[in-house]
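Next come the chains, spelled out residue by residue.
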Amino acid sequence: MGDFKVHRVRFFDFVPSGIKALAFNRDTERLAVARELGSLELFNFSDNYCQEKVIPGRDNRSVEALCWVGSRLFSVGLDGLITEYDWDNLRPKYTVDAYGGPVWSISCNLQGNLLAVGCEDGTVKIFEVLDDRIQFQRNLDRQKGRIISVSWHPTGTKIAAGMMDMIRIFDAETGHATHRLLVERSVGAAKNREVVVWSLAFLSDHSIVSGDSAGKVQIWDGLTGTLIRSHLITKWDVLALSVAHDESSLIAGTSEGTVVQFQFLSSSRQQQDKEWVRTRTLKKHTHDVRSLVLTDTAVVSGGMDTQLVVCPLLDKVEKNTAESELRKMIFPLKSLVCCAKKVGLLLFQFPDHLEVWRLGESEGNGKPGDRLPVKRKPEKLIQLKRKGEDHIRCSALSACGGWLAYATISSVRLYKLQHSGNNISITKISKLPKVLSSAHQLCFSPDSTKLFASSTQSSVIVTSLCQLECKYVHTLQPKSGSQQSVHLLAPSDDGKWLATANTDYEVHVYNLNKLKLHCTVPVYGSCPTAIAIHPTTNNLVIVHADKQVFEFSLGQKEYTDWSRKLQKQGLHPHWLERDTLISSISFNHKNPAHIIMHDNYMLCVIDQSLPLPDHKTRLYNQMTLRGLPESQRVRQSHAFKICKSFQDVLSVSSLEDQSLVIVERPLLDIMSQLPAPVLQKKFAT
């Protein structure tokens, strides 16, 4: 595998924000996730649950609920605004004031032409969805309390609205309330406390399902306004509901972190006497479950513990397949860490500031597995607060540690760092090219003379850096005409090549000497999650969301023999069954045959000089090989060397002295910084 001196970094104090809302688009199989700080994430469930895109948050932006209308996404929040998002340029497209105070909920009719939003002032407001905007149409009858939840009947003729202590049913055409459904309060000391109807679902048979703060899931008859059945599932709040597309199943999320499933089943052989029966309880969260989605094959949940959990319904999927695996996604795919490999500096990205740290130093050498004593502790050199209200989208630190850049939705800022002994000073570059107004991704050239910034329509802006100046050089543009943004940038060490990848699955390579497109890698049907150019061979290594690995020769403009052999033989089943994605690639300069890559739970060194593992060989065999004699070790060794000694890995980088910097963020450390969950009685305590 090769011996590496490892800097094990655990001082990146990154805490993801809690999940507030989820919305699933069945047509495109995309899941939108809204977090507490106002950021939005887009996951492609058809491409191994890959996190495709992120729209950064903004100070005072609130997202309480999400709603898809075709391929368009809308959100509402306590700032009183309705927002539509531009997924091509990764920014809000426009906002419309609802003029009803804070907006708690949003729902679209099945026809996709009307939006209903529930407001603080007691109104349900109807907006018409036009081709390029939304337009206010009318108010339904004003109520005395705030509207917490809304749901359309599938026919689009009625709307149910959840409030304090009651549910109102409106005629969507006249706007008048037709029924008032009173929700029973809790017994005992809580009987004087108002009940909040947090979530509603209006079913095609005119049944209404409600979840409330008294811990009840209730089934109502929407035609007569009477209660059919009440299920007490928790002592705390039922915060979210989701119903299957065929209305045969529903799920409810609680403040205890549980998800309870109900199914519409017959109590006898006669199929006419069906009722909602509690069938399953899932406990995958430690804190409130704030939002839920029930897909055809899985329960998707998110809440205050920051984790997006995909729990498969084992009666709906084939066992021992990728779909049957429980997935917990907490870390972003895009790296929040940048390493200046020539000087041993680390850049940590937070939503509102950046931190620059100097790595520590150790004494002496040791055997594999030894922990070396620390001679000099890590030191925080700079904490740089962002300007404006927009959160930081991306950032970069040059290899020499002399340049630092970050971008928000509305601006790019560049700084010059000057080192003098143990001191460091920072100077802002005040004049930047006008074309450098925003960036989706930033990257410095290895010699620190250029800054690359990905812009709109898959273009990349090239600027030159000299002293305290930044000058525009050229805009690199692919011939494909893609509207998607570039999410991966990889320059070569010799400064000749730049590889880019976008979410249309295109990988382009540019010649930086000629400033033009050199070639386009054949499009593969999965999103690239990591790319890098080998420093010796100038071969481009690409890893996709479906775990496939490719090596492409830039000189020959074709896949290498090793890559063809790998694809012909096929990757090991255990490699393909992993539930996390490769997020970065680096190389071992001591041994050009080594390719280093990692996901959140393992570090892998691929040795191209060794044979590929066949399907009968154990993939994870490093501990076994250590105990074997040298002759047997050679016979059983293969190209994939996997190390699982590190936890919750955010970043792996190689320094010039060939040591590795591995940044970890243990999940237990994140959980210790979250608010306390609701008090729960435990057995024998």
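Everything in this summary refers to the structure shown in the same document.

Reading the values: rules and limits
- Residues numbered from 1 in each chain as written.
- Predicted model: local features only at pLDDT ≥ 70, side-chain atom pairs only at ≥ 80, totals over all residues.
- Heavy atoms only, no water.
- Helix = DSSP H or I, 4+ residues; strand = E, 2+ residues; numbered from the N terminus.
- Rg over C-alpha atoms; globule rule 2.2 N^0.38 Å.
- Buried < 20%, exposed > 50% of the residue type's maximum accessible area, 1.4 Å probe, protein only.
- Contact = heavy atoms within 4.5 Å.
- Areas by Shrake-Rupley, 256 points an atom, 1.4 Å probe, with all protein chains shown as cover.
- Lys, Arg positive; Asp, Glu negative; His and termini not counted.
- Charge placed at Lys NZ, Arg CZ, Asp CG, Glu CD.
- 1 Å grid on protein atoms, 1.4 Å probe; cavity = no way out; pocket = protein on both sides within 12 Å on 5 of 7 lines; lining within 4 Å.
- Points joined across faces, edges and corners; volume = space filled by probe spheres on them.
- Nonpolar A, V, L, I, M, F, W, Y, C, P; charged D, E, K, R; others polar.
- Pairing = 2+ DSSP bridges.
- Axes fitted to C-alpha atoms, helices over the stretch in contact; angles between N-to-C directions.
- Salt bridge = Lys/Arg side-chain N within 4 Å of Asp/Glu carboxyl O.
- Polar contact = N/O pair within 3.5 Å; in protein donor to acceptor, adjacent residues only side chain to side chain.
- Patch = residues over 30% accessible without salt bridge, like charges linked within 9 Å, V, L, I, M, F, W, Y side chains within 5 Å.

With that settled, consider the overall build of the chain. Each helix and strand in the chain was counted, giving 5 helices and 57 strands. In terms of overall size, the chain behaves like a compact globule, its C-alpha atoms giving a radius of gyration of 27 Å where 685 residues would be expected to give roughly 26 Å. Out of the 685 residues in the chain, the part that is buried amounts to 57%. Long-range pairs, those at least 24 residues apart, make up 48% of the contacts in the chain between residues at least 6 apart in sequence. Surface accessibility of the chain: about 30,300 Å² in total, with carbon and sulfur atoms responsible for 48%. With 81 positive and 71 negative side-chain charges, the chain shows a spacing of 5 Å between the two charge centroids.

Once that is clear, we can look at empty space enclosed by the protein. Within the structure shown, the criterion is met by 5 cavities of 30 Å³ or more. For the second largest cavity, the calculated volume is near 310 Å³. Around the second largest cavity sit 23 residues that line it, and Phe 331, Pro 332, Leu 333, Leu 581 and Asn 600 are the ones nearest its centre. Ranked by residues supplied to the lining of the second largest cavity, first place goes to strand β29 (residues 327-329) with 3 residues. Looking at side-chain class alone, the lining of the second largest cavity contains 13 nonpolar, 6 polar and 4 charged residues.

Taken together, 4 strands build an open sheet; the order of strands is β10-β11-β12-β13 and the sheet is antiparallel. The sheet terminates laterally at β10 (103-108) and β13 (134-139), the two strands that pair on one side only. Strand-to-strand, the axes of this sheet are offset by a mean angle of 25°, without reference to chain direction. Here β10 pairs with strand β11 (residues 114-119) via 5 bridges, running antiparallel. Residue Ser 107 lies in a different strand from β11, and its bridge partner there is Ala 116.

Here the focus is the pattern of salt bridges. Following the criterion strictly, the structure yields 22 salt bridges and no others. Of the charged contacts in the structure, one is a salt bridge between Asp 390 and Arg 58, with a shortest N-O distance of 2.7 Å. On the criterion of sequence distance, the pair formed by Asp 390 in the loop between β35 (379-385) and β36 (394-397) and Arg 58 in the loop between β5 (50-55) and β6 (65-69) is long-range, its members being 332 residues apart. Note on Asp 390: relative accessible area 9%, which makes it buried. Of the residues examined, Arg 58 reaches a relative accessible area of 31% and is grouped as partly exposed. Residue Arg 358 pairs with Glu 379 through a salt bridge whose shortest N-O separation is 3.1 Å. Linking Arg 358 in strand β32 (residues 353-358) with Glu 379 in strand β35, this pair joins segments that are 21 residues apart in sequence. The buried category is assigned to Arg 358, whose relative accessible area is 10%. Each member of the salt-bridge network shares a partner with another, and the members are Arg 8, Arg 10 and Glu 664.

By the element assignment, Thr 254 lies in strand β23 (residues 249-254). Assessed through its relative accessible area of 0%, Thr 254 is described here as buried. Here the side chain of Thr 254 touches Glu 256 through a polar contact of 3.2 Å, landing on its backbone nitrogen. The contact partners of Thr 254, leaving out residues within four places of it in the chain, are Ile 233, Thr 234, Asp 237, Val 238, Leu 239, His 287, Asp 288 and Val 289.

Bringing a positive patch on the surface into the picture now. There is a patch of like positive charges on the surface, built from Lys 479, Lys 496, Lys 514, Lys 516 and Lys 557. Checked against the element boundaries, Lys 557 lands in the loop between β50 (549-553) and β51 (558-559).

This paragraph deals with the pairing of strand β9 (residues 91-97). As judged from the 6 bridges shared by strand β8 (residues 81-86) and β9, these two strands associate in the antiparallel manner. Each bridged residue has a counterpart across the sheet, and for Asp 86 the counterpart in β9 is Arg 91. Between β8 and the antiparallel strand that follows it, β9, lie 4 residues; Leu 90 among them carries a positive phi value of about 55°.

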